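Breakdown of the fold
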Amino acid sequence: MTSTPRTLAEELRTRTDSGLVGLLRARPDLLNPVPGDVTQLATRAGTRASVIRAVERLDRFALQTAEALAVAPDPCPFDTLGALMTGDAGDAAISAELPRAVAALRAQALIWGPDDRLRLVRTARELLTPSVTHPSPTGLGPTVAEATSGMSPGRLQDIIAAAGLPGTHDPVTAVAALSALFGDRGRMAALLDTAPAESVAVLDKLLWGPPYGGVTDRPAPHLQWLLDRGLLIPAGARNVVLPREVALHLRAGRAHHTPEPVPPALAPVKERDPQLVDNAAAGQAFTALATVEELLKEWDLGGPAVLRAGGLSVRDLKRTATALDTTEQLAAFWLELAYAAGLVASDGEADERYAATPAAEDWLQLPDHARWAALAAGWLSATRTPGVVGTADAKGRALAALGPHLDRSPAPEVRRRALALLADLPPGASVPATAVLARLRWERPLRGGSPSAGAVPGPAAPGAGQATGGPSYAASPAGTLPPADDLRSRLAQWALTEAELLGVTGRGALAAHGRALLDSAPASDVPTSAETATAATRAADLLAPHLPEPLDHVLLQADLTAVAPGPLLRPLAEALGVLADVESKGGATVYRFTPASVRRALDTGRSAAELQEFLTTHSRTPVPQPLAYLIDDVARKHGQLRIGAASAYVRCDDDALLSEILADRRAAALRLRRLAPTVLAAQTSPDQLLDGLRAMGYAPAAESAEGDVLIARADSYRTPPRTAPAPVPDGPPSPDPGLLEAAVRAIRAGDLAATAERKPLHAAPAPSSGALPRTTSAETLATMQAAVLTNSAVWIGYVNADGAASQRVIAPVRVEGGFVTAYDHTSDEVRTYPLHRITGVAELADDSA
């Protein structure tokens, strides 16, 4: 029969391998580095940083259970814990869920011991036990023994006498008698029946916390009645506290005002046709692609400068928002989305500025659904949070888009969990965002703060002979939510908004391709970037049928406009974007032809005939006569003037045209003078001269030193190759199954080496547990050779090349040349050890190994 474990290490030692794997998966910080044995694992599991991290990941009911254990006797039987959670009246829902909560705490090594002796890990008890500086969400105060610590024996005797108890001979028995009275429901009820109504009202104020109140130097009679009987105990010069036992009696035994054994329901559910949801999400996905493409086009020749502290200036963010026809906050989202996908970055030059990356060129050539997959994969795993742009950092400085300090490590986990809750609903169904936020708060109530988050304040200020107090966080009315200003709630709100903008959801419901986006490798709690990309590709395949097919035609109209009734093929869109200006966007895009846009197309080297042929080929309507006239008229003038570099000159076969330019007062800034009947010289650069004459309404063409017309091509500016920003992990990465199994084998083997029973050496006493064996070189060699002959295992102390000492259980196979080759039970493999690094050796007892 297995004895009751006396420590956490002893209980962990009795767990199965799958139990240890579950612990390490739930608390991956315990793996760095891999513990040498179970004792090291238990020690690390009890450290403050590790316990805080584990407590922060508890759901609401598991946390409430741990808080109840912190105010319960130590050790606490399961029935006592159940009474604290359900109270005298009982609660079937709490009773049904309590074993699950206890199992969750036990699986994470926050409690240990059998059900009749449950113990909270010491560090967790210190974090969750109520105190003046760290009140508990239970609203309970100290016990009678804690509150009366330091009280004079005479005062204790006065209290138990006023409470109707017989006198005792020492403070310990006096405190025990008072505690027994407060814990006896019948005697306590009889005592409170004699209390004045005002005294009962004071107790009601302190009942659910905070348990502290203020009094004056001369308390009112109804307060003095409570103080005389120990129902209130002094907690300082002008403060009193309600003892825990009294509060529990008044609460009918309940530790929490409102236990929450089950998560809030995702309701009300609104049903929609899944096809409509998919179509709405696909429409928004297409809009997202168009917006990011517009951003890349806006920054095609180079984007704004990078601030000295990093990021985009407020002015440049406003300018970008205007170009994208959106708000500054949404512009920050699109910028960060492109940045997360590796499409924009800083160029790293001396006058650093932002621009599209070479990867943007490849992205633009992909099909629409593949481009969406790249954006979705980058968004899902990104820790950068555009929602905080514009807010102040710890030093009061505004956070800039694309700047530093935007990473929020919990963002990917919150984003995935919010979408997973929507995925639990039927296809096409949606719930209000408040329902999702309420569920997330229940699942991780402490992720926005510390274990004392939501706790009540400290002692109240003194009042005029009255005890003060009020409801605590735990006393919030049922159905109301805690304040939504914690980080996790804000991340969830942003995630739902961004999912709608990106087309992962449609009308608040998760689309079919959005469900596929969450379908990563089943064994991974946090999928790798490769798994996320694979899932995004599967989602893109589902999205593809819902995206509009690109068109190869436009509709030319007589008012010098062209209407694209849908998305155009990329070559057609690029060519038309040069020949005409975009006038409006929406379901259909309207392009307008102007003399400047036609001249822009001619500057690229196309002739008027080629432009006419292009429009005829790609228009479902005949080319209107006004448009044909416009092209011919601009082409006839185009290149009639030639500009080259002398410092700059203008030449023209028509000397009358040059005389007209010289006579134009608008040309004064160009400082022109005639060198010959067909040549003018200017004291400006060729580019300035070209722009100046075009502003005057002419259509000059630039020429090379040889006199050939220079064809103007839009010159794109790209950064050097850049990788997408790496997410900042939220704690240690989730270990893969192979690492977990190897870690458990190493822990088991190390534990075998640490706990195996050894035979004492003749020359020295048996080594103490945990100490390395010490033997002479001759004894070590002789013992090793004997172990080879008898095929038995031995226990050794070993110091590696780095000076790290360890103890191992090995089965020697061969001893020669100053080395021993043996099967190492610790690492589960055959290894070779230099004899000079072995500190000593001891045989294992016959019933070990």
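Quick note: structure is the one above.
Reference entry: report on the structure contained in this document. (Residues numbered from 1 in each chain as written. Predicted model: local features only at pLDDT ≥ 70, side-chain atom pairs only at ≥ 80, totals over all residues. Heavy atoms only, no water.)

When its secondary structure is counted, the protein shows 33 helices and 23 strands. Per-residue burial for the protein yields a buried fraction of 47% across its 849 residues. Across the protein, the fraction of contacts at a sequence separation of at least 24, relative to all contacts at a separation of at least 6, is 67%. (Helix = DSSP H or I, 4+ residues; strand = E, 2+ residues; numbered from the N terminus. Buried < 20%, exposed > 50% of the residue type's maximum accessible area, 1.4 Å probe, protein only. Contact = heavy atoms within 4.5 Å.)

Before going further, it helps to spend a moment on the pairing of strand S21 (residues 819–824). Bridging between strand S20 (residues 805–816) and S21 involves six bridges; their strand directions are antiparallel. Looking across to S21, one finds that Arg814 is bridged to Thr821. The turn linking S20 back onto S21 is made up of two residues, and Gly817 within it adopts a positive phi angle of 60 degrees. Sheet topology places S21 next to strand S22 (residues 829–834); six bridges connect them, and they run antiparallel. Its bridge partner lying in S22, Ala822 is registered against Arg831. (Pairing = 2+ DSSP bridges.)

The next subject is the pattern of salt bridges. All told, the structure shown has 35 salt bridges when counted by the stated rule. Between Arg100 and Asp59 there is a salt bridge, with the nearest N and O atoms lying 3.3 Å from each other. Of this pair, Arg100 sits in helix H7 (residues 92–107) while Asp59 sits in the loop between helix H4 (48–56) and helix H5 (60–70), and the two are 41 residues apart along the sequence. Across the salt bridge formed by Arg384 and Glu336, the nearest N and O atoms sit 2.7 Å from each other. Here Glu336 lies in helix H18 (residues 328–340) and Arg384 lies in the loop between helix H20 (368–381) and helix H21 (411–423), a separation of 48 residues in the sequence. Here Arg384 falls in the buried class, since its relative accessible area comes to 11%. Taking relative accessible area as the criterion, Glu336 reaches 5% and is therefore assigned buried. Put simply, Glu11, Arg15, Arg106 and Asp115 are held in one network by salt bridges that share partners. (Salt bridge = Lys/Arg side-chain N within 4 Å of Asp/Glu carboxyl O.)

Now for the sheet that holds strand S23 (residues 838–843). Spatial strand order, S22-S21-S20-S19-S23: five strands in an open sheet with antiparallel pairing. Edge positions in the open sheet fall to S22 and S23, since each of these has one partner strand only. Neighbour-to-neighbour, the strand axes of the sheet open up by a mean angle of 45 degrees, direction not taken into account. (Axes fitted to C-alpha atoms, helices over the stretch in contact; angles between N-to-C directions.)

A general feature of soluble globular proteins is that nonpolar side chains tend to end up buried together. Among the nonpolar cores identified, the biggest contains 88 residues, and Leu24, Leu81, Leu231 and Leu232 are the most heavily contacted of them. It is H5 that contributes the most residues to this core, seven residues altogether. By size, the runner-up hydrophobic cluster in this structure holds 70 residues, among which are Leu312, Val344, Ala401 and Ala492. (Core = buried A, V, L, I, M, F, W, Y, C linked by side-chain atoms within 4.5 Å.)

Moving on, we get to helix H23 (residues 487–502). Here H23 spans 22 Å end to end across 16 residues, near enough to the 22 Å set by a 1.5 Å rise per residue. Among the residues making up H23, those that are buried are Arg488, Ser489, Leu491, Ala492, Ala495, Leu496, Glu498, Ala499, Leu501 and Leu502. Next to the buried residues of H23 lie helix H16 (274–298), H18, H20, H21, helix H22 (433–443) and strand S8 (505–506). Downstream of H23 by one or two residues, Gly503 has phi in the positive range, about 85 degrees. (Expected span 1.5 Å × (residues − 1).)

For Thr287, the position within the fold is in helix H16. Of the residues examined, Thr287 reaches a relative accessible area of 38% and is grouped as partly exposed. C-alpha of Thr287 to C-alpha of Gly503: the two residues are 216 residues apart in sequence and 8.5 Å apart in space.

Within a beta sheet, neighbouring strands are joined by backbone hydrogen bonds and run either parallel or antiparallel to one another. Taken in spatial order, the four strands make up an open sheet running S10-S11-S13-S12, and their pairing is antiparallel. Both edges of this open sheet fall to strand S10 (555–557) and strand S12 (581–584), since each of them pairs with a single strand only. Within this sheet the neighbouring strands show an average axis-to-axis angle of 30 degrees, counted without direction. Pairing geometry for strand S11 (residues 561–564) and strand S13 (residues 589–592), over four bridges, is antiparallel. Across the sheet, the residue bridging to Thr561 is Arg592, located in S13.

For the rest of this paragraph, the subject is the packing of H20 against H23. Helix-helix packing is described using two parameters, namely the angle between the two axes and the distance between the axes. Put simply, H20 and H23 touch, their axes get as near as 11 Å, and they point 175 degrees apart. On the basis of their axis angle, the class for H20 and H23 is roughly antiparallel. Across the interface between the two elements, Trp372, Leu375, Ala376 and Trp379 from H20 touch Ala495, Glu498, Ala499 and Leu502 from H23. Partitioning the contact of H20 with H23 into residue classes produces seven nonpolar, no polar and one charged. (Parallel < 35°, antiparallel > 145°, perpendicular 65-115°, else oblique. Nonpolar A, V, L, I, M, F, W, Y, C, P; charged D, E, K, R; others polar.)

Right, let's get into the pairing of S20. Examined bridge by bridge, strand S19 (residues 794–799) and S20 share six bridges and lie antiparallel to one another. Across the sheet, the residue bridging to Val799 is Ala805, located in S20. Hairpin remark: S19 followed by S20, antiparallel, with five residues in the connecting loop; positive phi at Gly803, about 90 degrees.

Let us now look at the packing of aromatic side chains. Here the structure, examined in full by the defined rule, presents three aromatic pairs. Each ring, one from Tyr798 and one from Tyr833, has its centre 4.9 Å from the other, and the planes form 75 degrees; the classification is edge-to-face. On the criterion of sequence distance, the pair formed by Tyr798 in strand S19 and Tyr833 in strand S22 is long-range, its members being 35 residues apart. Look at Tyr798 and you get buried, because its relative accessible area is 10%. Its guanidinium or amino end placed over the ring of Trp363, Arg371 lies 4.8 Å from that ring's centre, counting from NZ or CZ. The residue whose ring lies beneath Arg606 is Phe614, and the NZ or CZ to ring-centre distance is 5.2 Å. (Phe/Tyr/Trp six-rings, centres within 6.5 Å; stacked < 30°, edge-to-face > 60°. Lys NZ or Arg CZ within 6 Å of the ring centre and 35° of its normal.)

Before going further, it helps to spend a moment on unusual backbone geometry. In this structure, the amide linkage connecting Gly209 to the following residue, Pro210, adopts the cis form with an omega of -5 degrees. Here Pro210 lies in the loop between helix H13 (197–206) and strand S3 (212–214). For the peptide bond that leads from Ala267 to Pro268, omega is -5 degrees, which places it in the cis range. Topologically, Pro268 is positioned in the loop between helix H15 (244–250) and H16. Backbone geometry at Arg671 places phi at a positive 50 degrees, although glycine is not the residue there. Its location among the elements puts Arg671 in the loop between helix H30 (655–663) and strand S16 (672–676). The class for Arg671 is partly exposed, based on a relative accessible area of 47%. You will see that Asn791, though not glycine, has its phi angle at about 55 degrees, which is positive. Relative to the helices and strands, Asn791 resides in the loop between helix H33 (777–790) and S19. What makes Asn791 exposed here is its relative accessible area of 66%.

Owing to its 3.6 residues per turn, the α-helix aligns residues three or four sequence positions apart on the same side. Taken as a whole, helix H19 (residues 358–365) has its buried residues at Ala360, Trp363 and Leu364. All buried residues of H19 fall inside an arc of 100 degrees around its axis, so they share one side. Every exposed residue of H19 that faces more than 90 degrees away from the buried side is listed here: Asp362 and Gln365. In this structure, the buried residues of H19 make contact with H16, strand S7 (354–356), H20 and helix H26 (570–579). (Arc of directions from axis to C-beta.)

On the secondary structure map, His249 appears in helix H15. Contact partners of His249, with chain neighbours within four places excluded, come to Phe182, Arg185, Met188, Ala189 and Leu192.

Here the focus is the environment of Trp112. Residue position: Trp112 is located in strand S1 (residues 111–112). Each C-alpha atom of the pair Trp112 and Arg6 lies 9.5 Å from the other, and the pair is 106 residues apart in sequence. Trp112 has contacts with Pro5, Arg6, Thr7, Leu8, Glu11, Arg106, Arg117, Leu118, Arg119 and Val121, leaving out every residue within four places of it along the chain.

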